Amino acid sequence: MPLLVMKFGGTSVADPARIRAAAEKVRAEVARGHDVIVIVSAMAGRTNELVGWVNETSPLYDAREYDAVVSSGENVTAGLMALTLQEMDVPARSWQGWQVPIRTSSAHGAARIEEIPRAALDAKFAEGFRVAVIAGFQGLSPENRITTLGRGGSDTTAVAFAAAFGAIRCDIYTDVDGIYTTDPRITAKARKLARISFEEMLELASLGAKVLQTRSVELAMRYKVPLRVLSSFEDTDDTSGTLVCDEEAIMESNVVSGVAHSREEAKLTLVTVEDRPGIAAAIFGPLAEAGVNVDMIVQNISEAAPVDGGAPRAVTDMTFSCPTDQVARAERALAAARARGDIGYETLEIDTEVAKVSVVGIGMRSHAGVASRMFAALAEHGVNIKVIATSEIKISVLIDRKYMELAVQALHDAFALDKAG
Ligand code: ASP
Ligand code: MG
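The structure reproduced in this document is the subject of the present report. (Residues numbered from 1 in each chain as written. Chains lettered and ligands numbered in written order. Predicted model: local features only at pLDDT ≥ 70, side-chain atom pairs only at ≥ 80, totals over all residues. Heavy atoms only, no water.)

A look at the overall build of the chain
So the rule is basically this: Helix and strand definitions follow DSSP, with helices as H or I runs of at least four residues and strands as E runs of at least two, each counted in order from the N terminus. Radius of gyration means the value over C-alpha atoms here, while the globule rule gives 2.2 Å times the residue count to the 0.38 power. Working definition: with a 1.4 Å probe on protein chains only, accessible area under 20% of the residue-type maximum means buried, over 50% means exposed, and in between means partly exposed. Whether two residues touch is decided by their heavy atoms; if any such pair falls within 4.5 Å, the residues are in contact. The Shrake-Rupley method, run with a 1.4 Å probe sphere, supplies the accessible areas, and residue values consider only the shown protein chains as cover.
Across its full length, the chain holds twelve helices and 18 strands. The C-alpha atoms of the chain give 24 Å as radius of gyration, which agrees with the globular expectation for 421 residues (22 Å, within 12%). On the principal axes, the C-alpha backbone points of the chain span a range of 90 × 50 × 35 Å. In the chain, buried positions account for 50% of the 421 residues. By sequence separation, contacts in the chain at least 24 residues apart represent 75% of the contacts at least 6 residues apart. Of the roughly 18,800 Å² that the chain leaves accessible, carbon and sulfur atoms contribute 50%.

Describing the packing of aromatic side chains
Keep this limit in mind: Only Phe, Tyr and Trp rings take part, Trp by its six-membered ring, and two of them pair if their centres are within 6.5 Å. Stacked means planes under 30 degrees apart, edge-to-face means over 60, and tilted covers everything else. Only when the NZ of Lys or the CZ of Arg is both within 6 Å of the ring centre and within 35 degrees of the ring normal is a charge said to sit over the ring.
Within this structure, the stated rule accounts for four aromatic pairs. Look at F8 and Y173: their rings are 4.9 Å apart centre to centre, the planes differ by 20°, and that puts the pair in the stacked class. Here F8 is found in strand 1 (residues 3-8), whereas its partner Y173 is found in strand 9 (residues 169-174), with 165 residues between them in sequence. With a centroid separation of 5.6 Å and an interplanar angle of 80°, the aromatic rings of F284 and F320 are classed as edge-to-face. Of this pair, F284 sits in helix 9 (residues 279-289) while F320 is found in strand 15 (residues 313-323), placing the two residues 36 residues apart along the sequence. Its relative accessible area of 1% is what places F320 among the buried residues. Positioned above the aromatic ring of F233 is the side chain of R18, whose terminal nitrogen or guanidinium carbon lies 3.7 Å from the ring centre. The ring of W95 has R93 lying over it, and the distance from NZ or CZ to the ring centre is 3.9 Å.

Here we look at the site of ligand 1
The following threshold applies: Throughout, the term near means that a residue has one or more heavy atoms lying within 4 Å of the molecule or strand in question. Polar contact criterion, stated in full: a pair of N or O atoms within 3.5 Å, where within protein one must be able to donate a hydrogen and the other to accept it, and residues adjacent in sequence count only if both atoms are side-chain atoms. Residues are grouped as follows: Ala, Val, Leu, Ile, Met, Phe, Trp, Tyr, Cys and Pro are nonpolar; Asp, Glu, Lys and Arg are charged; all remaining types, including Gly, are polar.
Inspection of the region around ligand 1 gives S41, A42, T47, E74, F137, R151, G152, G153 and S154 as its neighbouring residues. Here G152 contributes a backbone N or O atom positioned 2.8 Å from an oxygen atom of ligand 1. Within the contact set of ligand 1, an oxygen atom lies 3.3 Å away from a backbone nitrogen or oxygen of G153. In terms of residue class, the shell around ligand 1 is built from two nonpolar, five polar and two charged.

Comments concerning the packing of helix 1 (residues 16-31) against helix 4 (residues 72-87)
Here is the rule: Here an angle of 0 to 180 degrees is reported between the N-to-C directions of two axes, which are lines fitted to C-alpha atoms, with helices fitted over the stretch in contact. Should an angle fall under 35 degrees it is called roughly parallel, over 145 degrees roughly antiparallel, and 65 to 115 degrees roughly perpendicular, with every other angle called oblique. Helix crossings are classified by the rotation of the near helix relative to the far one: an anticlockwise turn of less than a right angle makes the crossing left-handed, while a clockwise turn makes it right-handed.
The N-to-C vectors of helix 1 and helix 4 enclose an angle of 60°; their axes lie 9 Å apart at closest approach. As far as their axial angle goes, helix 4 and helix 1 are oblique. Remark: the crossing between helix 1 and helix 4 carries right-handed chirality. Where helix 1 abuts helix 4, its residues I19, R20, A22, A23 and V26 lie against T77, L80, M81, T84 and L85. By residue class, the composition of the contact of helix 1 with helix 4 is seven nonpolar, two polar and one charged.

Comments concerning the pattern of salt bridges
The criterion, for reference: Here, a salt bridge means any side-chain nitrogen of Lys or Arg that lies within 4 Å of a carboxyl oxygen of Asp or Glu.
Considering all chains together, one arrives at 27 salt bridges under this definition. Salt-bridge contacts for D171 lead to R228; the nearest nitrogen and oxygen are separated by 3.0 Å. Residue D171 is found in strand 9, and its partner R228 is found in strand 11 (residues 227-231); the two are separated by 57 residues along the sequence. The exposure class of D171 is buried, given its relative accessible area of 0%.

Looking at the packing of helix 2 (residues 46-57) against helix 3 (residues 63-70)
In the contact formed by helix 2 and helix 3, the axes pass within 9 Å of each other and the chain directions differ by 145°. As for how helix 2 packs across helix 3, the hand of that crossing is right-handed. Side by side, helix 2 and helix 3 meet where T47, L50, V51 and V54 of the first sit next to Y66, V69 and V70 of the second. By residue class, the composition of the contact of helix 2 with helix 3 is six nonpolar, one polar and no charged.

As for the sheet that holds strand 3 (residues 92-95)
The strands making up a sheet associate through backbone hydrogen bonding, with each pair oriented either parallel or antiparallel. This is how it is decided: Two strands make a pair as long as DSSP finds a minimum of two bridges between them.
Pairing in this open sheet of eight strands is mixed, and the strands run 3-6-2-1-9-11-12-10 from one edge to the other. Edge positions in the sheet fall to strand 3 and strand 10 (195-197), since each of these pairs with one other strand and no more. Taken over all neighbouring pairs, the strand axes of this sheet differ in orientation by 20° on average, direction set aside.

Some details on the environment of K386
With respect to the helices and strands, K386 occurs in the loop between helix 11 (370-380) and strand 17 (387-391). Residues K386 and S372, 14 residues apart in the sequence, show an inter-C-alpha distance of 16 Å. Look past the residues within four positions of K386 in its chain and what remains in contact with it is K267, D351, V354, L398, I399 and D400. A distance of 3.2 Å separates the side chain of K386 from the side chain of D400, its partner in a polar contact.

Let's talk about helix 8 (residues 214-223)
Along helix 8, the residues that are buried comprise R215, S216, V217, L219 and A220. Turning to helix 8, the residues buried within the fold contact strand 5 (113-115), helix 6 (154-164), helix 7 (198-206) and strand 11. Where helix 8 terminates, the next one or two residues include K224, which has phi positive at roughly 50°.

Here's the deal with the pairing of strand 18 (residues 394-400)
Extensive coverage of strand 18 is indicated by the burial of six of its seven residues. Two elements, strand 16 (residues 347-360) and strand 18, share seven bridges in a ladder whose sense is antiparallel. Bridged to V360 within strand 18 is K394. In the sheet, strand 17 pairs with strand 18 via five bridges, with the strands oriented antiparallel. The partner of A389 across the bridge, within strand 18, is S396. Connecting strand 17 to the next strand, strand 18, in antiparallel fashion are two residues.

Structure representation (structure tokens):
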């Protein structure tokens, strides 16, 4: 029988009534002839509560015990989902990660799935069970300790099962009805996309559209698992939601598919850095070691006035961006590098009031003029651009945070994203 993976997020399993509604969707797929692997998240808010308890108990916690506690929310919903299905006369049972066992690395709190042996589930399907319910977000380390996959990790569990079992599709049920051209809270003109490519989704996911965990999209792209994002709060059928799929499966596409934003960005500039080979490594090495996720980087070469009549010195200003909550860490790492004499700079300027806005589209590969259209639209609205970064299918700008909404609306209009390609 064709196998389908159905994943339900926290709001979709928030209480027994919501679990019943989700189970109805599973039963409908079984009735249509599918075997189903169901992946569940913890009830909405539960993981945050568990994380809070860990922090309250032990601020510098042992990550192995953090995982033991924080993984438990999914155990509850997996059991309740199996019970609910049984009440509907659908043969089902639950599995916790260690029972499959889902083999992961030992990076507690951010483990990677390494292997999902099929034997246990295959045997149950052979017995006539139609549904396997799996606790998302968790696995087992080589040391036989419980691991978790990082926040939002049950999306990754779902895609990994879909890949391991050759599922026809991985349906991600959530509280939104699909992927939009931009955040509908920012503009009412945001339009639901019928399809979007893996690559575009990857850019949107990592740019702050929080619907899917980024790693789940990477995995889906690697194994070519079609992913569908749809609402568990609505009646749904085969055409509901947004299909995240291979580029070839998208007939028509806009040059730009979406506008993403990320609010909590900071811009740091090292002023008057000596321009010499190795300077970038000397700056960004310590930042990486300190766990700072540097995003955009700009370097400007200039010439400083000669000192005491000597030759002009080549100096540079180095600007980069990182999440606002990592600024303190970045400052500390840079100050330490300066104290060691590894780098020299005059001042460190920090602007924590910036946001990043990006346009994304695979059409950019074959169409020129996207950047100029973007910059013109921002200029018309009086939005000043502080930093620009581009990739093959994306252009990002850093701007004052207070203009973020305005910029998103202006770009959505400029690329006519309210109209289908
Ligand atoms: N319950 C976990 C979290 O809240 C995993 C997930 O829902 O994907 O991060
Ligand atoms: Mg999620």
